[in-house]
Amino acid sequence: MVKIAPSILSADFSRLGDQVSQAIAAGAEYIHVDVMDGHFVPNLTVGPLVVEAVKPLTAAAGVTLDVHLMIEKPERLIPDFARAGADSITVHVETCPHLNRTMQQIKALGVQAGVTLNPATPLVTLEEILDEVDLVLIMSVNPGFGGQEYIPASSRRIARLRELLAERGLQHVEVEVDGGVGVHNAAQIVAAGATILVAGTAIFNSQASIAANLTALRAAAAG
Ligand code: DX5
Ligand code: ZN
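Here is what the cut-offs are and how they apply
- Numbering of residues starts from 1 in every chain and runs along the sequence as written.
- Written order decides the labels, with chains lettered from A and ligands numbered from 1.
- Local features in this predicted model are restricted to residues whose pLDDT is 70 or higher, and side-chain atom pairs enter the listing and the counts only when it is 80 or higher, whereas totals over whole chains, interfaces and linings include all residues.
- Derived side-chain values reflect all non-hydrogen atoms in the structure, with water molecules and hydrogen atoms excluded from consideration.
- Only buried residues count toward a nonpolar core, which is a set of Ala, Val, Leu, Ile, Met, Phe, Trp, Tyr and Cys residues joined through side-chain atoms within 4.5 Å.
- The cut-offs for exposure are 20% and 50% of the maximum accessible area for each residue type, with area from a 1.4 Å probe on protein chains only; residues under the lower value are buried, those over the upper are exposed, and the others partly exposed.
- The helix count covers DSSP runs of H or I at least four residues long, the strand count covers runs of E at least two residues long, and both are numbered beginning at the N terminus.
- A single heavy atom is enough: if one lies within 4 Å of a molecule or strand, its residue is considered near that molecule or strand.
- Whenever two N or O atoms come within 3.5 Å, that pair is a polar contact, provided that in protein one can donate a hydrogen and the other can accept it, and provided that, for residues adjacent in sequence, both atoms are side-chain atoms.
- All accessible-area figures derive from a Shrake-Rupley calculation using a 1.4 Å probe, and residue coverage is judged against the displayed protein chains alone.
- Contacts are assigned to residue pairs that have any heavy atoms within 4.5 Å of one another.

**Q** How would you explain the nonpolar core if you had to name every residue and give the values?
**A** In this structure, Ile-31, Val-67, Leu-69, Ile-89, Val-91, Leu-126 and Leu-197 are the most contacted members of the largest nonpolar core, which totals 68 residues. Of all the elements, helix H7 (residues 210-221) adds the most residues to this core, at five residues. Counting eight residues, the second-largest nonpolar core is a separate cluster that includes Tyr-30, Leu-135, Leu-137 and Val-198.

In structure tokens:
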């Protein structure tokens, strides 16, 4: 069954704990934390402090705390995010000249290692690292902001990634998709090979409750 990863980027930060608790109660298997430094992407968001703040909630429920680093030189802060309680840390291939070493760094800390790439970055950049990762995150929007439209070419990339993983006997690697995911496209994204759906504005919005939105997304993903 596909796993749902609400992105707190779109949550109401004046009551973040409550919002995370609602998402967990509604069955979220992951909580996705979008870390942005204002350099690699134009936006500036949160750091290890927020990971530490929500960790008791995710740990108590056995929910994976999934940290997405949209930052320059992520190797400097990986220890801090691990110490704060990240269960999974994903870095951008565009920010890691020593990507193999960075994967080893994450895994040595007992944390799941993920790699991601921007929509215009060729999948071939992942070829030499697929054997080392626990997760690949496909960015289906240009990173930096929630509420953007899904880039249609992403579905072809998801399917191609699945093929690459199958060719290598790496079917266990999670394929997470991030950006513009909603009830309108969840089924096609899962059909293309996604196993984890990140969703920000589809979960945290004024149209319906977190529980209703998460339930609707899961139903849509089931096709
Ligand atoms: C964008 C972030 C995404 C974003 C998803 O840079 O990485 O996780 O929060 O938000 P929605 O689901 O609203 O596109
Ligand atoms: Zn993200």
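**Q** Explain the site of ligand 1 residue by residue, including any values.
**A** The environment of ligand 1 is made up of 20 residues, and the closest members are Asp-34, Gly-144, Asp-178, Gly-200 and Thr-201. A distance of 2.8 Å separates an oxygen atom of ligand 1 from a polar side-chain atom of Asp-34. The contact in question runs from an oxygen atom of ligand 1 to an N or O atom on the side chain of Asp-178, over 2.4 Å. Contact with the protein chains covers 100% of the free accessible surface of ligand 1, which is 380 Å². The set of elements that each furnish at least two residues to the shell around ligand 1 consists of strand S2 (30-36), strand S3 (64-70) and strand S8 (196-199). With three residues, the top contributor of residues to the shell around ligand 1 is S2.

**Q** Got a sec to walk through the side chain of Asn-213? Specific residues and values, please.
**A** Its location among the elements puts Asn-213 in helix H7. Judged by its relative accessible area of 11%, Asn-213 falls in the buried class. The residues contacting Asn-213, other than those within four sequence positions of it, are Ala-202, Ile-203, Asn-205 and Ala-208.

Just distances and angles here, no functional claims.
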